[in-house]
Amino acid sequence: MDVPGGGGGRGAPWRKMSKEELENQYSPSRWVVRRGAEEAMRTYSQIGDEATKKARATGRSLLDMPYGDGEGEKMDIYFPEEVSEALPFLVFFHGGYWQSGSKDTSAFMVSPLTAQGVAVVIVAYDIAPKGTLDKMVDQVTRSVASVQKRYPGNRGIHLCGHSAGAHLAAMMLLANWTKLGVTPNLKGLFLVSGIYDLEPVMHTSENAPLLVTLEDARRNSPQWHLEMAPAQPADPGCRILVIVGQHDSPEFHRQSREFYQALRRRSWEASFEELRDVDHFEVLWNLTQKDYVLTQIILKTIFQES
Ligand SMILES: N[C@@H](CC(=O)c1ccccc1NC=O)C(=O)O
């Protein structure tokens, strides 16, 4: 099979990069502008940890709800004060290159969203080396189906993912819901600083615990499916917002832009947003703030459609 004709094809810029340059492009912490790499990562974990503690201490929640039989197949559900049968849901998948991160430190957006009447679900999945990419995609698919089964009267489910989590969210566009016996009421996707073509990542040190082969990479690349697989009908009721931070690396910008363009070519209702003056991590920790531009975009989108 040939490689995609677009940015992932033979002429893709990453194919001409040295090993060091590729490593650099796919190390988000090396592109932060306001602090050192380690400090940025530390601050990110700290803010995620504090936001999660706050969400668990102050609001109503159901923690560690199983969405499958596996030990790691759990999700935390955070509710707004107002009890309602018909809540809009936002389901979040954390990042960490499919090998770090946890639902227990990823409730960044819970407080500002529950305060406005949105139920927020933070999903755990088996990161590598325990989980493979296929396993993670399957788990995330079942978590979304489980939200729909548990709350059939929901007023729409929006998915949000950061970095590797944006990849998992984007893979939901290819999910076979019929197999799971339920079609989630998907209204939108917020894809934040994501990776949609996994092939370049396969050539970096991040692949050591993942052990992704070229076939795994393609099977699990939404970009590849959009460009190469037979066209699937786009869902006109599902809006997709592809978001990248100004200080994300040029390769992260390229991945987001090309995924957005591929979505548009396949008739998805997609839009693209570059967020001013934020790096790969700040974009997420800013979601703890109700006034942050992305928090406001998410709320506006959810309430326009619910
Ligand atoms: N090793 C990476 C860490 C990283 O990429 C990351 C960390 C936390 C949350 C998301 C991340 N990126 C993609 O999933 C780095 O050097 O930036």
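Use the structure listed above.
As a starting point, this report considers the structure included with it. From a predicted model like this one, the values you see are computed outputs, not experimental measurements.

Analysis parameters
Residues numbered from 1 in each chain as written. Predicted model: local features only at pLDDT ≥ 70, side-chain atom pairs only at ≥ 80, totals over all residues. Heavy atoms only, no water. Pairing = 2+ DSSP bridges. Helix = DSSP H or I, 4+ residues; strand = E, 2+ residues; numbered from the N terminus. Axes fitted to C-alpha atoms, helices over the stretch in contact; angles between N-to-C directions. Contact = heavy atoms within 4.5 Å. Salt bridge = Lys/Arg side-chain N within 4 Å of Asp/Glu carboxyl O. 1 Å grid on protein atoms, 1.4 Å probe; cavity = no way out; pocket = protein on both sides within 12 Å on 5 of 7 lines; lining within 4 Å. Points joined across faces, edges and corners; volume = space filled by probe spheres on them. Nonpolar A, V, L, I, M, F, W, Y, C, P; charged D, E, K, R; others polar. Core = buried A, V, L, I, M, F, W, Y, C linked by side-chain atoms within 4.5 Å. Buried < 20%, exposed > 50% of the residue type's maximum accessible area, 1.4 Å probe, protein only.

## With respect to the sheet that holds strand 1 (residues 60–66)
In step 1: With respect to topology, eight strands assemble into an open sheet ordered 1-2-4-3-5-6-7-8, the strand pairing being mixed. At either end of the open sheet lies a strand with only one pairing partner, and these are strand 1 and strand 8 (269–275). Neighbouring strand axes in the sheet, compared pairwise and without regard to direction, differ in orientation by 15 degrees on average.
In step 2: Pairing of strand 5 (residues 157–162) with strand 6 (residues 186–192), which is carried by six bridges, proceeds in the parallel orientation. When the sheet's bridge partners are listed, C160 is paired in strand 6 with F190.
In step 3: Contacts from helix 2 (residues 37–58) reach strand 1, strand 2 (74–79) and strand 5, with the element oriented near 60 degrees to strand 2.

## A closer look at the pattern of salt bridges
In step 1: Inspection of the entire model under this criterion finds 19 salt bridges.
In step 2: A salt bridge links R142 to E73, with the shortest nitrogen-to-oxygen separation between them at 2.8 Å. Of this pair, R142 sits in helix 4 (residues 133–150) while E73 sits in the loop between strand 1 and strand 2, and the two are 69 residues apart along the sequence.
In step 3: The structure contains a network of salt bridges with shared partners spanning R56, D64, D76, K103 and D104.

## Re the environment of V147
In step 1: Within the secondary structure, V147 sits in helix 4.
In step 2: Residues V147 and P184, 37 residues apart in the sequence, show an inter-C-alpha distance of 8.0 Å.
In step 3: V147 has contacts with M75, F89, V91, V121 and I157, leaving out every residue within four places of it along the chain.

## Quick word on empty space enclosed by the protein
In step 1: This structure, assessed with the given rule, holds three cavities of 30 Å³ or more.
In step 2: Considered as a void within the structure, the largest cavity measures approximately 90 Å³ in volume.
In step 3: Forming the boundary of the largest cavity are L173, L174, H225, L226, A229, P230, Q232, R266 and W268.
In step 4: In terms of residue class, the lining of the largest cavity is built from six nonpolar, two polar and one charged.

## Quick notes on the nonpolar core
In step 1: Of all hydrophobic cores here, the largest spans 63 residues; its most connected members are F89, W98, L159, L191, I240, F259 and L263.
In step 2: The element contributing the most residues to this core is helix 4, with seven residues.
In step 3: In contact with F259, not counting residues within four places along its chain, are A170, L173, L191, Y196, P222, Q223, L226 and V242.
In step 4: Core analysis: the next-biggest nonpolar cluster, separate from the first, contains 33 residues, F92, F190, L275 and L284 among them.

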